[in-house]
Amino acid sequence: MSLLKLDRVLKQYEKVTAVNNVSFEVPEGAIFGLLGPNGAGKTSIIRMITMITRPDEGDIYVAGKVVGRDDIGRIGYMPEERGLYKKMNVQDHLLYLARLKGLSKKDANAALDYWFDRFGIETWRKKNIEELSKGMQQKIQFIATVVHDPTLIILDEPFSGLDPINTNLIKDEIYELAQKGKQIVFSTHRMEQVEEICDYIVLINKGENVLEGWVKDIKNSFRENLFEVQVEGELPESLLSQYEQRDRTREGGYIVQLPEGKAGNALLKDLMDSGVVVTTFKEVLPSLNEIFIKHVGEYNPVLATA
Amino acid sequence: MDKILLIIQREYLTRVKKKSFLLATLLTPLGIAAFIVVASLIFGYESDESKRIVVIDESGVITGGIKDEASIKFSLSKKSLEDLKQEVRDEKFDAIVVIPAVKNLYSKDLQVLYYSEDGLTLDVESVVKNRVKDYVRDYKAAQLGLEEKSLDALSFSTSVEPEPIDEDGENASKMTGAIGAGIGTIMGFVMYLTIFIYGMMVMRSVQEEKTTRIVEVMISSVKPFQLMLGKIIGVGLVGLTQVLIWAALIPLVVVGLSFFFGLEAPSSSASADAMAAMDPEEAENMVLLAMTEIQNQNWWAIVPLFLIYFLGGYFLYASMFAAVGSAMGEDQGESQALTIPITIPVVLAIYIMFAVVQAPNSTLAMWSSQFPLFSPIVMPARLAFSPPIWEVALSVFILVVTSVFFVWLSARIYRTGILLYGKKIGFKELGKWMVRG
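Fair warning: this is a prediction, and the values are worked out from it, not measured in the lab.

Colleague: Kindly report on the domain arrangement of chain A, identifying the contributing residues and their values.
Modeller: Once the domains are mapped, chain A shows domain 1 (4-219) and domain 2 (224-284). Computed from C-alpha coordinates alone, the two centres of domain 1 of chain A and domain 2 of chain A are separated by 43 Å.

This is how it looks when you write it as structure tokens:
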């Protein structure tokens, strides 16, 4: 069963339509990426999922039913702009947030012990938030997001401000949580992270769903019949003249454009016939970044606003 | 409901546990006490320089010697003025007082001359004046053949004693007005201070939550209304705690300090001059009367009503402060203008209160104690004057209804305001949010 589904969701602020009839359904078990440029309506969507605001029209389903106040304990949200009470100590703060999510004091304490142990930060318990570095605060914010064992975990730019070690730590946690059957919603501008982490994405632009699907399907559908070829020495001119060369890689490889209808095999056969030693041969798929820019750049919606 | 309790608990505990709270709570009474002690020391200060004054009595009004004052030594002299002047120059005396002959017994004026190298100070002037006046009065009485007893009969005081029309009417005394005004002013002022201090605290806290973005995490767990109400109640309890501690500590510290310095209780020092003028028995009667008057106040009605007005006024204003805080950006100065519509009624109310304690049954008093933005400050000031019950009941009713309405209205502003960033918000927007919700 899909853990998150939006059905024709509409949200208007005064005269601006922030979210215009957005529908999507995240397949079960997929790490989900919600993408879009600044001001596209991502935050508006997230705020509706977390029940900070309500949709004007349409429904949001979490675990099969329309999301309501009862679901608050099942949702964990880490906003892009982090915020913690600076004067509270780590333990009190996490306990407070866990209990606001509906955990009993006992359960909250147990959950806290688990996460302190897991992140090896037992010594931070009594420290005030303001004494922690930004990266440390970020870890606390992550724990605050998952401490009540939510089913739906929404992470808005979870890696910003983290060093590579802590980035990997959080990344591993995300994979692990996903494996435990939690629905991860990952929102970011960093396309290389999306490519690495997400299975399924929705691209929002100007309040509308402009692209949706499995990451590998999307990449495939945007393939341009480009291949990267690397050989020992140089490619013979006779061969090169038959193909359109697009670019050279830094390692000296060739990016070759095949005409429409021609498969990679044809190029490979030509290469073998020419007698060069092929070291690399692979299809170049467009990066999500390129797809993103292409879509957001070209997309010209009929403005819902007058 | 559970969540509101958690929020109240956090808002309360984080504030009460702060060192600054402890310091403010403990040091303020000490500060006030120190102020009172210093003030009474200053007022009670008597000149420590001793003056030697020589008197030339040309009138012969002084029979026998002149009694010395603590800081003034008098002596009579028959020497000539010129000789004495020389003695002043030689620093044998500090000043010469010349009492001229009383030429006309019916003259209402008598000019005494004072020769000195220093100027005439107030304390010396009043002593000399009073002494000479007494001597001359006795002299005139003797010369005119008046008896001492008859003279005393002429100096009497009048008092107006209020009496009820009906037997069971309230037993007012001449002290009622003064004591009532005192109690009223104190209560009105406490109200004014708490509304300001703790209302502002709510506002700053809301603004801080907004600018640090913690609010987004919070309202993905609780409703904005719960967060706002929890904060208002939590901060209100902090205020109540502080006021109660002060109420207990200030008298304690003052009494303790007075004993320590061997001073009279400060309340009496203020009226010490007035007391000194009366004979001790009368003064004692006054104190007793004041005490009974204070005890006679219907505290069983005043204290609960004060608390009701405290709660009503606090909720009314704190919710407005919360709404304004939610609309504020990070730029303090720019959004300061938003607080003006809140501060104006509070300041107006305190001025009205000062007028109302003088005339507790005036039309101004009646109307302003019904108007909910003024009534929390004005009505407590009237309570000591036993206003009509229906007026109190109506005013409480209007206040409660209005504050519930204002909390609701503020919540509508609040829930929009806290999520809006990077935009300067004016009254127009606030109005829109209220209506649209």
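Colleague: Quick rundown of the sheet that holds strand β3 (residues 32-35) of chain A? Include the residues and the values.
Modeller: All names here are of chain A. One open sheet accounts for six strands, arranged β6-β7-β8-β3-β9-β10; its pairing is mixed. Edge positions in the sheet fall to β6 (75-78) and β10 (208-214), since each has one partner strand and no second. Pairs of neighbouring strands in the sheet enclose a mean axial angle of 15 degrees, with direction left out of account. Here β6 runs beside strand β7 (residues 152-156); their pairing, made up of four bridges, is parallel. Looking across to β7, one finds that M78 is bridged to L155. The strands touched by helix α4 (residues 134-146) are β6 and β7; relative to β6, the strand with the most contacts, the crossing angle is about 160 degrees.

Colleague: How would you sum up the nonpolar core? Please name residues and give values.
Modeller: Core analysis: the biggest nonpolar cluster contains 112 residues, and L4, L6, F24, F32, L34, I140 and F142 of chain A have the highest contact counts within it. It is helix α2 (residues 90-100) of chain A that provides the largest number of residues to this core, a total of seven residues. Not counting residues up to four positions away in its chain, the partners in contact with F32 of chain A are L4, F24, V26, Q183, I184, V185, F186, C198, Y200, I201 and V202 of chain A. One finds M200, I302, M328 and I352 of chain B within the second-largest nonpolar core, a separate group that totals 51 residues.

Colleague: So what about the confidence of the model for chain B? Which residues, and what values?
Modeller: Residue and element names in this part refer to chain B. Counting all residues, the mean pLDDT for chain B is 81, and 86% of those residues have values of 70 or more. Here helix α9 (residues 266-270) stands out as the element of chain B with the lowest mean pLDDT, 43, in contrast to helix α17 (residues 389-417), whose mean of 92 is the highest. Confidence over residues 263-276 falls short of pLDDT 50; this stretch has eleven contacts with residues more than four positions distant or in other chains.

Colleague: Could you give an account of helix α16 (residues 375-383) of chain B, naming the residues involved and the relevant values?
Modeller: A large share of α16 of chain B lies buried, amounting to nine of its nine residues. Taken together, the buried positions of α16 of chain B are occupied by S375, P376, I377, V378, M379, P380, A381, R382 and L383 of chain B.

Colleague: Describe the environment of N361 of chain B, naming the residues involved and giving the relevant values.
Modeller: With respect to the helices and strands, the residue N361 of chain B is situated in the loop between α14 (340-358) and α15 (363-368). Separated by 168 residues in the primary sequence, N361 of chain B and L193 of chain B place their C-alpha atoms 25 Å from one another.

Colleague: Pulling in residues and values, what's your account of the packing of aromatic side chains?
Modeller: Tallied over the entire structure, the rule returns 17 aromatic pairs over all chains. Three or more aromatic residues link up through ring pairs in this structure, and these residues are F24, F32, Y200 and W214 of chain A. Taking the ring centre of Y254 of chain A as reference, the NZ or CZ of R248 of chain A above it sits at 4.0 Å. Positioned above the aromatic ring of Y85 of chain A, the side-chain terminus of R10 of chain B is 3.5 Å from the ring centre.

Colleague: An account of the interface of chain B and chain A is requested, with residue identities and associated values reported.
Modeller: Residue-level contacts link 23 residues of chain B with 25 residues of chain A. In this assembly, chain B packs against chain A so that about 2300 Å² is buried in total across both faces, 59% of it on carbon and sulfur atoms. Of the charged contacts, one joins R47 of chain A and E216 of chain B as a salt bridge, the two residues approaching to 3.5 Å between their closest N and O atoms. Linking chain B to chain A there are five residue pairs in polar contact (both at pLDDT 80 or more).

Colleague: Describe in detail a nonpolar patch on the surface, supporting the description with residues and values.
Modeller: Residue and element names in this part refer to chain B. A contiguous nonpolar surface patch, about 530 Å² in accessible area, is contributed by F189, L193, I197, V347, Y351 and F354. Those elements giving two or more residues to the nonpolar patch turn out to be α6 (176-211) and α14. Within the secondary structure, V347 is located in helix α14. Take V347: its relative accessible area is 30%, and that puts it in the partly exposed class.

Colleague: Kindly report on the pairing of strand β13 (residues 254-257) of chain A, identifying the contributing residues and their values.
Modeller: Residues and elements named next belong to chain A. Neither face of β13 is open: one carries Y254 and V256, the other I255 and Q257, and all of them are buried. Looking at chain direction, strand β12 (residues 244-248) and β13 are connected through four bridges and run antiparallel. The residue of β13 that forms the bridge with E244 is Q257. The turn joining β12 and β13, which pair antiparallel and follow one another in sequence, is formed by five residues; a positive phi near 95 degrees is taken by G252.

Rules and cut-offs
- Residues numbered from 1 in each chain as written.
- Chains lettered and ligands numbered in written order.
- Predicted model: local features only at pLDDT ≥ 70, side-chain atom pairs only at ≥ 80, totals over all residues.
- Heavy atoms only, no water.
- Domains from an automatic or database assignment.
- Pairing = 2+ DSSP bridges.
- Helix = DSSP H or I, 4+ residues; strand = E, 2+ residues; numbered from the N terminus.
- Axes fitted to C-alpha atoms, helices over the stretch in contact; angles between N-to-C directions.
- Contact = heavy atoms within 4.5 Å.
- Core = buried A, V, L, I, M, F, W, Y, C linked by side-chain atoms within 4.5 Å.
- Buried < 20%, exposed > 50% of the residue type's maximum accessible area, 1.4 Å probe, protein only.
- pLDDT = per-residue confidence, 0-100.
- Phe/Tyr/Trp six-rings, centres within 6.5 Å; stacked < 30°, edge-to-face > 60°.
- Lys NZ or Arg CZ within 6 Å of the ring centre and 35° of its normal.
- Buried area = accessible area lost by both parts, 1.4 Å probe.
- Salt bridge = Lys/Arg side-chain N within 4 Å of Asp/Glu carboxyl O.
- Polar contact = N/O pair within 3.5 Å; in protein donor to acceptor, adjacent residues only side chain to side chain.
- Patch = residues over 30% accessible without salt bridge, like charges linked within 9 Å, V, L, I, M, F, W, Y side chains within 5 Å.
- Areas by Shrake-Rupley, 256 points an atom, 1.4 Å probe, with all protein chains shown as cover.

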